[in-house]
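Fold and geometry: a report
The primary structure of each chain is shown beneath.
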Amino acid sequence: MLQRLDERNRDLLVNVNGKLVHRDEAGVSPFDSVVQGGDAVWEGLRLYDGHIFKLEEHLARLRSSALALAFADIPSDEEIVGEIRRTLVANRMRDGVHIRLTLTRGVKFTSGMDPRLNQAGPTLIVLAEHKAPVYERSGLRLITSSLRRFGPDTLDPKIHHANLLQSILAKIEANAAGADDALMLDQRGFIAETNATNLFFVRGGVVMTSRTVACPEGITRATVLDLCARHGIPSRVDDLSLTEAYRADEAFCTGTMGELASVTEIDGRVIGDGSPGPATKRLSELYRDLTAHEGATLIAGER
């Protein structure tokens, strides 16, 4: 899975603290906290026909993460939504768009890690791109990474922070193995997530996913669990071992950038019959129907 440049993105306008700049000219200060130490929080949003799906939940998670990192200043939801709308309008975007929203602790008056050096307020970056869901629907191949996900006693995964080195190292392992992504375990040896997504498994008609011990509180993950509850699909949240993954009838991963995508091979073991299963297909259809009818309106027009 290698993303390619969409020509519509060649002349994007990027929003950095309210200033709309061509993608080749946009930049942040070398004194910004995200440059100095990856000191930032972020969210991925998706625009469907003028509507952002689960916008309120994403903004709540952004605020929660910033509070956990003791950001002194956090823009209001209204300010953030206003800058997202300005960015979409400036780029004439309405559908099939992924938005990466980054909030940093801001610019320091001198280099150093001490947050007391941050006295200029936060930096808000809105990057909107024409981007379809990034995963193939026919099935992904995963390998188990040698890296373990941090637990809440080291770096709590409930903080949606911008320090992604652990994920990047796992992705390097997957690339070297010729796999699409890497499955990651927690410190106890249970399944956490992939380097980029939450994981689900289906066995005997029951949809299963890991507890949020060493993986983020995924918004697409929560949506899938809610869809299971709404439509009478049995589900279970528990500690899951690799054995439970290998013997699953189906597997799929979830995330805003890729929505729902089937996993058909893990560590050389074919999952089920090697093709997307019925539960995966049904939940994918239910999710698509939800995104077609729900969401916060940012760009007015017929739906």
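Described below are features of the structure shown in this document. Being a predicted model, the structure only gives us computed values, none of them experimental.

1. Observations concerning the nonpolar core
Ile52, Ile84, Leu88, Ile99, Leu101 and Leu298 are the most contacted members of the largest nonpolar core, which has 24 residues in total. Apart from residues no more than four positions distant in its own chain, Ile52 is found in contact with Leu45, Arg46, Leu47, Ile84, Ile99, Gly295, Ala296 and Leu298.

2. Details of the side chain of His130
Inspection of the secondary structure assignment puts His130 in strand β6 (residues 123-130). We classify His130 as buried; its relative accessible area is 12%.

3. A few points about the layout of surface pockets
Remark: the empty space left among the atoms is shown by a probe the size of a water molecule rolled over them. Estimated volume of the largest pocket: approximately 1,000 Å³. If you go around the largest pocket, you meet 40 residues; those closest to its centre are Trp42, Leu164, Ser167, Asn195 and Ala196. When residues of the lining of the largest pocket are traced back to their parent elements, those giving at least two are β3 (40-48), α2 (55-68), β5 (97-104), α4 (165-176), α5 (219-230) and β13 (250-255). Of the residues forming the lining of the largest pocket, the biggest block, five residues, is contributed by α4. Residue classes in the lining of the largest pocket are distributed as 16 nonpolar, 18 polar and six charged. By volume, the second largest pocket amounts to about 250 Å³.

4. Examining the pattern of salt bridges
Scanning the model with the defined rule gives 20 salt bridges in all. With its nearest N and O atoms 3.0 Å apart, the salt bridge here joins Asp49 to Arg94. Of this pair, Asp49 sits in the loop between β3 and β4 (51-52) while Arg94 sits in the loop between α3 (77-90) and β5; the two residues are 45 residues apart in sequence, bridging distant segments of the chain. By relative accessible area, Asp49 is classed as partly exposed at 23%.

5. Re the sheet that holds β4
On the basis of which strands lie adjacent, the open sheet formed by seven strands has the order β2-β1-β6-β5-β3-β4-β16 and antiparallel pairing. Two strands in the sheet have a free side with no partner beyond their single neighbour: β2 (19-22) and β16 (296-297). Here β3 runs beside β5; their pairing, made up of eight bridges, is antiparallel. Within the sheet, the bridge partner assigned to Trp42 lies in β5 and is Thr102. Its contacts with the sheet put α3 on β1 (13-16), β2, β3, β4, β5, β6 and β16, and the angle it makes with β6 is roughly 35°.

The rules behind these values
- Residues numbered from 1 in each chain as written.
- Predicted model: local features only at pLDDT ≥ 70, side-chain atom pairs only at ≥ 80, totals over all residues.
- Heavy atoms only, no water.
- Core = buried A, V, L, I, M, F, W, Y, C linked by side-chain atoms within 4.5 Å.
- Buried < 20%, exposed > 50% of the residue type's maximum accessible area, 1.4 Å probe, protein only.
- Contact = heavy atoms within 4.5 Å.
- Helix = DSSP H or I, 4+ residues; strand = E, 2+ residues; numbered from the N terminus.
- 1 Å grid on protein atoms, 1.4 Å probe; cavity = no way out; pocket = protein on both sides within 12 Å on 5 of 7 lines; lining within 4 Å.
- Points joined across faces, edges and corners; volume = space filled by probe spheres on them.
- Nonpolar A, V, L, I, M, F, W, Y, C, P; charged D, E, K, R; others polar.
- Salt bridge = Lys/Arg side-chain N within 4 Å of Asp/Glu carboxyl O.
- Pairing = 2+ DSSP bridges.
- Axes fitted to C-alpha atoms, helices over the stretch in contact; angles between N-to-C directions.

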